[in-house]
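Given next are the chains, with one letter for each unit.
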Amino acid sequence: MVWTGTWVAERLGVELIGDEALPDLLGLALRRNPKRAHLLVSNVLGKHVPQRPGVVYAAGHDLGVRVRRLLGDEEAARAVVVGYAETATGLGHSVADGLALAPYLHSTRRPVAGVATAGGFEESHSHATSHLLLPEDPKLLAGDGPLVLVDDEFSTGNTVLNTIRDLHGRHPRERYVIVALVDMRSAADRDRLDAFAREIGARIDMVAGATGTVRLPDEVLAKGQALVTAHQSAHPTVPSQRTPGNAPVRVELGWPAAVPDGGRHGFTTAHAAALNDALPAMTERLTGALGGARRVLVLGFEELMYAPLRLALALERAGSDVRYSTTTRSPVLAVDDPGYAIRTRLVFPAHDEPADGPGERYAYNVAGGGFDAVVAVVDSVADTPELHAPDGLLAQLAAHVPHVVLAVVPSYTPGTTQAPDVLEAPDALEAPDVLEAPDVLEAPERSSMLPEPLRGPAFSSYAPEEVGWLLQDLSDVRLEAPTEEREEAIQSGGAHYAESLPVEYQPSARYQELFHAALDASADRVARAVGTVTETVLAERSPRPVLVSLARAGTPVGVLMRRWAQARHGLDLPHYAVSIVRGRGIDANALRWLAEHHDPADVVFVDGWTGKGAITRELADALHDFPGFSPEIAVLADPGSCVRTYGTREDFLIPSACLNSTVSGLISRTVLRSDLVGPHDFHGAKFYRELAGADVSGAFLDAVAARFDEVAATVDADVKELLAADRTPTWEGWAAVERISEEYGIHDVNLVKPGVGETTRVLLRRVPWKILAKRSAGAADLAHVRLLAEQRGVPVEEVDELPYSCVGLIHPQYTRGATGADGKAVVSQ
């Protein structure tokens, strides 16, 4: 039998080294991804390669049995198993079944209304949405028993380290067990995990089905991209085997309403027992719908892996010839060669209204698989018009498989009143309706009592008509902490960055001179960007938009956009400022106030610039619970290529980024702390009235607005060109951040701050480690950065290949007295 890694290995020189079992477990394919050339394709995971369900289930179940032996029954009964979305949700659940005594939870990229986040983390090699942990029972992750983390492939360990760091900071425990089908770490990665375990004072065990490593030759990424380019025009498919008139058949499973569709909100041993009891009846219904088909594929849906796996396993045990796999959001090149793991692919639009926006989804090795029937299993959230569209998943399957059956599992929503178990009511075999989440975020009879926006001069130095702040005034609360204390608390997990404020930087005379020189030199450039983004908004989004700036960096931009609309079109646009906090979301009460006073469709969110796009994704996630608001952000500068609406994609000096409150109406950054911000309060901020003598907020606005007339003709030309251009975000900035994070040994994208604005913030508010400056960047754009770095004793490293003018690196693993990877202590001066 030909190894399904031969094709890639021969062309790229990639070597798979390790256990003899590895070639049976893994094949190789090429990613349609500019960041990583190869993909390890598991033959036993049930994601990309259809496999017998008994093989898939046993792969996880057997690992779970090994974990139980490792822990012993007493500790196993205190454990919690956590799997990773999307690939390992079914694997993790199978491990929990093998462990038999512990509840299961998997991370998710699907926000769910009314469910509080118990944790979250970034997957360092992905630009997709951050992982969320959404247990129905908040105590599920609060215990001190062993935590079992399950992933399909343990390559560098970064994702697991990010997870443990987040959860250990909230609820420390003495033992962690990492489980994977294959452990592909290097020796350095193993040493790093050992050092991390010593650092947190916990035991970390590893349980894997096989071990090995991948040896990559030089320039493998370039070679891989060239191969993809050469083959991407040919996506193997099989000629249609059926006529368009044969519509898919829907089968009513009778899934028990009290049993969750998976581990997104937790799955207990009691849930497992109830599912086992219900499976025979569901299997009988599926068998009837299949009508005697001989070779059947059960196809799951992205994170929904376990429910279809159990259905497939039940069909197999009932005597059917069954294979199992799932759809995925991962783009992989298909090559019809026996030595290549991905022979064919089907492409269709996302059909579950994902929080990060529409996009392509894929089903691999389905076409040409010789299947007589396919059972597509989705949850009710994904049973949308897009699923049934002419280019949707069902139509794609129908073009290649004679018989298509659709089975919909009701999406489980915590806190809803569950319907009676349909298995106890034989006359009610209809699947339960989609259970809508209770609108627990609403505050009945309370949202109308929210206060009116704060305005200057009582709150901020801006004129009252310039902006209304949907914030509460915390000016009398002591919130400032020394930079080093804040950094240590943030990185240790002891505090969130939004729970305190940095001490306001007081610029030296030399720095103030630099600010005014920069303002004079760049005012026309800023004015041009302001005009361009405003005209784009007026042309595409709304003729009378409601500007809602993301405080604080977005507020000066929102004021300038309002001034442009007034000066050029005579429009008096409403403008508000709201708080958004990375990892905590946007101020929900502020959104309710806006929805009561304006049409959400007219709201345009405004920010100063994009870095790697974290806030862009945060906003998209937060607005999932607030239909009507558009998640698109309009920014002055988009060097990270994260948004569609921008004034420029150049990374240049925006003078409002040079200072803190003294260029932002004397308002602090926003604060979100449970003892200060209640469930019916706006987020907070401080008004630094005592800094009025140093305030340049008005001077900044006036200097830029004075250039509006002279840039008007250029703006008209820019907007005409932009409106005709393809402005689809490429997220190239995120790719650069990932590369820098790994190259400099940081292993945490949150500590890499790209662009002039973000680098300035690092120097003003955080404990910087070093600054990367693009060698060809303009001297004027970086003069203030170099001065701040000099004042804080931070080295500036000149580099060539950088999509930004500069990048600020926060000191990794900071504690007071710590040294960086270069052995130099960080000193704040």
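Structure first, text after, so check above.
Residues numbered from 1 in each chain as written. Predicted model: local features only at pLDDT ≥ 70, side-chain atom pairs only at ≥ 80, totals over all residues. Heavy atoms only, no water.

S.K.: Please explain the overall build of the protein as it appears in this structure.
M.R.: Along its length, the protein carries 22 helices and 32 strands. Expressed as a percentage of its 829 residues, the buried residues of the protein come to 59%. A separation of at least 24 residues holds for 77% of the contacts in the protein among residues at least 6 apart in sequence. A total of about 31600 Å² of accessible surface is found on the protein, and carbon and sulfur atoms cover 50% of it. (Helix = DSSP H or I, 4+ residues; strand = E, 2+ residues; numbered from the N terminus. Buried < 20%, exposed > 50% of the residue type's maximum accessible area, 1.4 Å probe, protein only. Contact = heavy atoms within 4.5 Å. Areas by Shrake-Rupley, 256 points an atom, 1.4 Å probe, with all protein chains shown as cover.)

S.K.: Just checking my understanding: could you explain the packing of helix α5 (residues 89-99) against helix α10 (residues 306-317) for this structure?
M.R.: For any two helices packed against each other, the geometry is given by the interaxial angle and the distance between the axes. In the contact formed by α5 and α10, the axes pass within 8 Å of each other and the chain directions differ by 65 degrees. Between α5 and α10, the residues in contact are Gly90, His93, Ser94 and Asp97 and Tyr306, Leu309 and Arg310, respectively. Here the contact of α5 with α10 is built from residues that sort into two nonpolar, three polar and two charged. (Axes fitted to C-alpha atoms, helices over the stretch in contact; angles between N-to-C directions. Nonpolar A, V, L, I, M, F, W, Y, C, P; charged D, E, K, R; others polar.)

S.K.: What should I look at first to understand the packing of helix α15 (residues 554-569) against helix α18 (residues 697-705) in this one?
M.R.: Axis separation between α15 and α18 bottoms out at 11 Å; the angle between their running directions is 40 degrees. Comparing their axes, α18 and α15 come out oblique. Where α15 crosses over α18, the handedness of that crossing is right-handed. Here α15 contributes Pro556, Val559, Leu560 and Arg563 to the contact with α18, which in turn contributes Phe700, Leu701, Asp702, Val704 and Ala705. Here the contact of α15 with α18 is composed, by residue class, of seven nonpolar, no polar and two charged. (Parallel < 35°, antiparallel > 145°, perpendicular 65-115°, else oblique. Left-handed = near helix turned anticlockwise from the far one by under 90°.)

S.K.: Looking at this model, I keep getting lost on helix α19 (residues 708-723). Mind explaining?
M.R.: One turn of an α-helix holds 3.6 residues; hence residues three or four places apart share an orientation. Largest kink in α19: about 35 degrees, centred on Thr714. Among all positions in α19, only Phe708, Val711, Ala712, Val715, Asp718, Val719 and Leu722 are buried. (Bend = angle between axes of the 7 residues up to and from the residue.)

S.K.: Sorry if this is basic, but what is going on with the pattern of salt bridges here?
M.R.: Where charged atoms from two side chains of opposite charge approach closely, those side chains can pair. The final tally for this structure, using the stated rule, is 42 salt bridges. With its nearest N and O atoms 3.6 Å apart, the salt bridge here joins Asp473 to Arg689. Taken together, the residues span a long stretch of sequence, with Asp473 in strand β19 (residues 472-473) and Arg689 in the loop between β28 (684-685) and α18 at a distance of 216 residues. A salt bridge links Glu540 to Arg727, with the nearest nitrogen and oxygen atoms 2.4 Å apart. A residue pair is termed long-range when its members are at least 10 positions apart, and Glu540 in helix α14 (residues 509-540) and Arg727 in the loop between α19 and α20 (732-743) qualify at 187 residues. Taken together, the salt bridges that share partners define one network made up of Arg52, Asp321 and Arg323. (Salt bridge = Lys/Arg side-chain N within 4 Å of Asp/Glu carboxyl O.)

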